[in-house]
Amino acid sequence: QVQLVESGGGLVQPGGSLRLSCAASGSVSSFYVMAWHRQAPGKQRELVASIYNGGSTNYPDSVKGRFTISRDNAYNTVYLQMSSLKPEDTAVYYCYLGKLLPREDYWGQGTQVTVSS
């Protein structure tokens, strides 16, 4: 089993920065992808950043150049560094880990990010 515990959410003004953390415990060495998703009220959950086993990363255009995902292998922690935050970034942010063989999906509990002046 894998457990994901998120932290770092909060209130930040437009243009500000925030770093989210996701501490993973359990059998996490053989993962396929770790990612951050977000969901705003009344909207579908969307991918904001992903990092694959091997180090490659992906970002949608909405956050590219502003968000950076990284992984600390020693502490099994995934980070999402967010800068130049906009009000439309306001959402609950969720950490995700996916495995193959067998296929397994794990989600964190979510952490609220609010961008407002």
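One structure accompanies this document, and this report is about it.

Conventions and cut-offs
- Residues numbered from 1 in each chain as written.
- Predicted model: local features only at pLDDT ≥ 70, side-chain atom pairs only at ≥ 80, totals over all residues.
- Heavy atoms only, no water.
- Helix = DSSP H or I, 4+ residues; strand = E, 2+ residues; numbered from the N terminus.
- Polar contact = N/O pair within 3.5 Å; in protein donor to acceptor, adjacent residues only side chain to side chain.
- Buried < 20%, exposed > 50% of the residue type's maximum accessible area, 1.4 Å probe, protein only.
- Contact = heavy atoms within 4.5 Å.
- Salt bridge = Lys/Arg side-chain N within 4 Å of Asp/Glu carboxyl O.

## Focus on the side chain of T111
In step 1: With respect to the secondary-structure elements, T111 resides in strand β11 (residues 111-115).
In step 2: Of note is the side chain of T111, whose polar atom sits 3.2 Å from the backbone nitrogen of G9.

## Side note on the side chain of R38
In step 1: Inspection of the secondary structure puts R38 in strand β4 (residues 33-39).
In step 2: Of the residues examined, R38 reaches a relative accessible area of 5% and is grouped as buried.
In step 3: Of note is the side chain of R38, whose polar atom sits 2.8 Å from the side chain of E46.
In step 4: A distance of 2.9 Å separates polar atoms of two side chains, one belonging to R38 and the other to D89.
In step 5: Ignoring any residue separated from it by four or fewer positions in sequence, one finds R38 in contact with Q44, R45, E46, V48, S62, V63, F67, E88, D89, A91, V92 and Y93.

## Thoughts on the pattern of salt bridges
In step 1: In total, this model carries 5 salt bridges according to the counting rule given.
In step 2: We note a salt bridge from D89 to R38, for which the minimum N-O separation is 2.9 Å. A residue pair is termed long-range when its members are at least 10 positions apart, and D89 in the loop between β8 (77-82) and β9 (91-99) and R38 in strand β4 qualify at 51 residues.
In step 3: Put simply, D105 and R103 hold a salt bridge, and the shortest N to O gap is 3.3 Å.
In step 4: What makes D105 partly exposed here is its relative accessible area of 39%.
In step 5: Note on R103: relative accessible area 60%, which makes it exposed.
In step 6: One continuous salt-bridge network, built from bridges that share partners, spans R38, E46, R66 and D89.

## Points about the environment of V92
In step 1: With respect to the element layout, V92 can be found in strand β9.
In step 2: When the C-alpha positions of V92 and V113 are compared, they lie 6.0 Å apart, and in sequence the two are 21 residues distant.
In step 3: Discounting chain neighbours no more than four positions away, the residues touching V92 are H37, R38, Q39, G110, T111 and Q112.

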